[in-house]
Amino acid sequence: RSFVAMISQLFNTETDFAAIADEIVGRIGDELDYAREARDCEAFARLYKNEDVCVPRVFQEFCGPRVLTLSYLPGTKLDEWGRSGPSPAQKKRIIEEGVKCTARQFFEVGFFHADPHPGNLLVDSENRLAYLDFGKMDRLEDDDRFALMSVVVHFANRDAGGLA
């Protein structure tokens, strides 16, 4: 913490680097808690089971704070799949499913996958969107979800005043 405070003084900034460092260290600890990740994976599967998405099965009997055991999902990383020549109809379907699931995460349920990069998303052998790696999950409270919805509506309507 003293090193981080020195950096703030050195660069003459009001940025709270200590708080940023604390947040990063806390998140790393969260990501390494495999018992929590197993619970989050199961919660994600339960909450979004009506979506046409796939989530690995958790084998709780083989999980613990330092061990996570999930089913294997054969598939192709999303970015590689996109370059592999899927038909326009296949691309459209995967995009629609991803958008629907993401919209439900942020606007309806409030429990969301906070690290959806191409390495954590793949298209499985049945051409379904699969989510992997539930180490970074978070929740949005109702007020935050409504505020986010308002931003999206103002943005879609090109209402710069509403965004201000």
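Novice: Can you break down helix α5 (residues 88–109) residue by residue, with the values?
Specialist: The end-to-end C-alpha separation of α5 is 30 Å, in line with the 32 Å expected for 22 residues at 1.5 Å each. Of all the bends in α5, the largest measures some 25 degrees and sits at Ala103. Turning to α5, its buried residues number three or more, namely Ile94, Glu97, Gly98, Cys101, Arg104 and Gln105. Buried positions along α5 lie against α3 (34–47), β1 (53–54), α4 (78–83), β3 (111–113), β4 (121–124) and β5 (129–131). Directly beyond the C-terminal end of α5, a positive phi value near 90 degrees is found at Gly110.

Novice: Tell me about the pattern of salt bridges, and name the residues and values.
Specialist: Tallied over the full model, the rule gives 8 salt bridges. The partner of Arg93 in a salt bridge is Asp52, and the shortest N-O contact between them spans 2.3 Å. With a gap of 41 residues between them, Arg93 in helix α5 and Asp52 in the loop between α3 and β1 connect regions that are remote in the sequence. Relative accessible area serves as the criterion here: at 28%, Asp52 is assigned to the partly exposed category. Two residues, Glu97 and Lys100, come together in a salt bridge whose shortest N-O distance is 3.4 Å. Residue Glu97 and its partner Lys100 are both found in helix α5; the two are separated by 3 residues, about one turn of the helix. A relative accessible area of 10% means that Glu97 is categorised as buried.

Novice: Can you break down the sheet that holds strand β2 (residues 75–77) residue by residue, with the values?
Specialist: Strands in a sheet are paired, the pairing made by backbone hydrogen bonds, and the direction either parallel or antiparallel. One open sheet accounts for 4 strands, arranged β1-β5-β4-β2; its pairing is mixed. The strands lining the two open edges of the sheet, one partner per strand, are β1 and β2. Here β4 runs beside β5; their pairing, made up of 3 bridges, is antiparallel. Bridge pairing links Leu121 to Tyr131 in β5.

Novice: Please provide a residue-by-residue account of a nonpolar patch on the surface, values included.
Specialist: Together, Phe146, Met149 and Val153 line one region of the surface with nonpolar side chains, adding up to about 270 Å² of accessible area. When you line up the elements, Val153 lands in helix α6 (residues 142–156). Look at Val153 and you get partly exposed, because its relative accessible area is 44%.

Here is what the cut-offs are and how they apply
Residues numbered from 1 in each chain as written. Predicted model: local features only at pLDDT ≥ 70, side-chain atom pairs only at ≥ 80, totals over all residues. Heavy atoms only, no water. Helix = DSSP H or I, 4+ residues; strand = E, 2+ residues; numbered from the N terminus. Expected span 1.5 Å × (residues − 1). Bend = angle between axes of the 7 residues up to and from the residue. Buried < 20%, exposed > 50% of the residue type's maximum accessible area, 1.4 Å probe, protein only. Contact = heavy atoms within 4.5 Å. Salt bridge = Lys/Arg side-chain N within 4 Å of Asp/Glu carboxyl O. Pairing = 2+ DSSP bridges. Patch = residues over 30% accessible without salt bridge, like charges linked within 9 Å, V, L, I, M, F, W, Y side chains within 5 Å. Areas by Shrake-Rupley, 256 points an atom, 1.4 Å probe, with all protein chains shown as cover.

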